[in-house]
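# An overview of the molecular structure
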Amino acid sequence: MRLVAPRSAAVLVTLLSLGVAVPTIAQAQGAGYLFGRPNVSVTVRGGYARANASSDLFEQVVTDLTLKKGDFSGITAGAELGFTLTDRFSVSVDVGYTRSSKSSEFRDFIDNNDQPIEQTTEFERLPLMVNVRAYLVPPGRSVGRLAWIPSHVVPWVGGGAGYMRYRFHQYGDFIDFQSTNVFSADYDSQDWTGAAQALAGVDVSLSPHMAITGDARYLWAKAPLSRGFSGFDRIDLSGVSATLGLTYRM
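The shown structure was predicted, so the numbers you read here are calculated from the model rather than taken from an experiment.

Basis of the calculations
Residues numbered from 1 in each chain as written. Predicted model: local features only at pLDDT ≥ 70, side-chain atom pairs only at ≥ 80, totals over all residues. Heavy atoms only, no water. 1 Å grid on protein atoms, 1.4 Å probe; cavity = no way out; pocket = protein on both sides within 12 Å on 5 of 7 lines; lining within 4 Å. Points joined across faces, edges and corners; volume = space filled by probe spheres on them. Helix = DSSP H or I, 4+ residues; strand = E, 2+ residues; numbered from the N terminus. Pairing = 2+ DSSP bridges. Buried < 20%, exposed > 50% of the residue type's maximum accessible area, 1.4 Å probe, protein only. Core = buried A, V, L, I, M, F, W, Y, C linked by side-chain atoms within 4.5 Å. Contact = heavy atoms within 4.5 Å. Polar contact = N/O pair within 3.5 Å; in protein donor to acceptor, adjacent residues only side chain to side chain. Phe/Tyr/Trp six-rings, centres within 6.5 Å; stacked < 30°, edge-to-face > 60°. Lys NZ or Arg CZ within 6 Å of the ring centre and 35° of its normal.

A separate point is empty space enclosed by the protein. The full count for this structure, using the stated rule, is one cavity of 30 Å³ or more. By volume, the largest cavity amounts to about 220 Å³. What lines the largest cavity is a set of 18 residues, among which Thr76, Thr98, Pro127, Leu219 and Ser241 lie closest to the centre. Put simply, the parts of the chain that give the lining of the largest cavity at least two residues each are β2 (40-51), β4 (89-110), β5 (116-135), β10 (210-220) and β13 (239-249).

Next comes the structure, spelled out in C-alpha cells:
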C-alpha cells in the first residue's frame, strides 16, 4: 500500500474541510440564515397619499377655484428606522413627505381683459412619527444558538404618534368679493402639530437581509391656520396612504 506524504495529507485534509465548509456557509446565508436575530432594520418606501381635505378651507377653495379634492393628494416618500423589542414587537422612527401643486383659476370670474384669474395652490405634509408594530406571525425562528431563519411572509399591524409639519401656500391673483377688484397676493400658512396614525402591512423576505415591505396607513392631524386664512377652522391634514418599499435587516 502506498502511503500519502505528510504534506499531501495536509493538502487533502484542507480540501476536504473546504468541501464541507463551503456548502455549509452557502446553506447558512444563501438559503435563509442569519447569525442571530436582526436587531435593526432600515426601510425606504414610496407610494401615494390621499388627503381627506375635508375642512372648510378646502371646501371654499374647491368651490371658488377650478380645483377638486383629489388635487391635494400626491406621491409620497418616506424612510423608517426600526429596532427589535421582542420576538413579536418592534419600535421605529418614521418620516414621510407628501406634496401637491396645482394651477387653477376662478370658476365664475374673469378680469377686465377677459382673461382668467389664475393662481397656484401648494399643499405639503411631513409627518415625523414613533411607531410600535405587532407581528401576527413570528418574524423568524432560531436554529441552535446562533442561526436565525426569517419567515417568508410576515403580516403586521401597528400604531404611532408624533408631529407633522404642514404648509398650505397659495399665490397668484385673487378677487376682493366686496369690490370685485383683482389683486395679487401670496398666502402662506405653515406650522407643526400633533399627529397619530394606524398602520398595517406585510414583509416578504427576498433574502436573509432583504425584504419587500408593503403597508397602508391612516393618519389623523389638524392644525391652526395663519392670519392670512383668518375665519377658517383648523385645516384637515388627515388622510390614507399606501406604499411599497425595501427593508434591510441587520
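Turning our eyes to something else, we now look at the pairing of β10. Where strand β9 (residues 181-205) meets β10, 10 bridges bridge the pair, whose relative direction is antiparallel. Following the sheet pairing, leucine 199 is matched in β10 by arginine 217. The hairpin formed by β9 and β10 contains four residues between the paired strands. Bridge analysis of β10 against β13 gives 10 bridges, and the strand direction is antiparallel. For leucine 219, the partnering residue across the bridge sits in β13 and is glycine 239.

With four bridges joining them, strand β6 (residues 140-143) and strand β7 (residues 147-150) adopt antiparallel strand pairing. Residue pairing in the sheet places serine 142 in a bridge with tryptophan 148 of β7. Hairpin connection of β6 to β7: three residues between the antiparallel strands, including glycine 144 at a positive phi of 70°.

We now examine unusual backbone geometry. The backbone of aspartate 114 shows a phi angle near 60°, a positive value even though the residue is not glycine. By the secondary structure assignment, aspartate 114 is in the loop between β4 and β5. Even without a glycine there, the phi angle at threonine 180 is positive, about 60°. Taking the relative accessible area as the measure of exposure, threonine 180 reaches 53% and is therefore exposed.

Glancing now at the nonpolar core. If you look at the biggest cluster of nonpolar residues, it comprises 27 residues, and the most contacted ones within it are Phe72, Phe123, Phe168, Ile235 and Leu237. Elements that contribute at least two residues to this core include exactly α2 (56-64), β5, β8 (153-176) and β9. The dominant element in this core, judged by the number of residues it contributes, is β8, at five residues. When sequence neighbours within four positions are dropped, the list of residues in contact with phenylalanine 72 reads Ala51, Ala53, Phe58, Val61, Val62, Leu67, Ser100, Thr121, Phe123 and Phe168.

Let's shift gears to the side chain of glutamine 197. Its location among the elements puts glutamine 197 in strand β9. Engagement of the side chain of glutamine 197 in a polar contact is seen with the side chain of asparagine 131, the distance being 2.9 Å. Beyond its immediate sequence surroundings of up to four residues, glutamine 197 is in contact with Asp94, Met129, Asn131, Gly159, Gly160, Arg217, Tyr218, Leu219 and Trp220.

Taken together, the three strands give an open sheet; going across it, the order is β1-β7-β6, and neighbouring strands pair in antiparallel fashion. One side of each edge strand has no neighbouring strand; the edge strands of this open sheet are β1 (34-35) and β6.

Here the focus is the packing of aromatic side chains. Under the counting rule described, the total for this entry stands at 13 aromatic pairs. Centroid distance phenylalanine 109 to phenylalanine 177: 5.8 Å. Interplanar angle 70°. Geometry classified as edge-to-face. Of this pair, phenylalanine 109 sits in strand β4 while phenylalanine 177 is found in the loop between β8 and β9, placing the two residues 68 residues apart along the sequence. Seen in terms of ring centroids, tyrosine 187 and phenylalanine 229 are 5.9 Å apart; in terms of plane orientation they differ by 55°. Their pairing is tilted. With tyrosine 187 in strand β9 and phenylalanine 229 in the loop between β11 (222-223) and β12 (235-236), the pair connects residues that are 42 residues apart, well separated along the chain. Taking the relative accessible area as the measure of exposure, tyrosine 187 reaches 24% and is therefore partly exposed. For phenylalanine 229, a relative accessible area of 4% puts it in the buried group. One Lys or Arg, arginine 133, reaches over the ring of tryptophan 156 and ends 3.8 Å from the middle of that ring.

Tracing the backbone shows alanine 161 in strand β8. Spatially, the C-alpha atoms of alanine 161 and glutamine 197 are 6.3 Å apart, while their sequence positions differ by 36 residues. Residues contacting alanine 161, with those up to four places away along its chain left out, are Met129, Val130, Ala195 and Ala196.

The subject of this paragraph is the layout of surface pockets. If you roll a probe as big as a water molecule over the atoms, it shows you where there is empty space left. Space inside the largest pocket adds up to approximately 470 Å³. Lining the largest pocket are 33 residues, with Pro38, Thr84, Tyr135, Pro139 and Arg249 positioned closest to its centre. Volume-wise, the second largest pocket comes out at about 340 Å³. Every residue lining the second largest pocket is counted, 16 residues in all, and those nearest its centre are Asp64, Gln170, Phe174, Phe177 and Tyr187. If you list the elements that add at least two residues to the lining of the second largest pocket, you get α2, β8 and β9. Ranked by residue count, the leading element in the lining of the second largest pocket is α2, at four residues.

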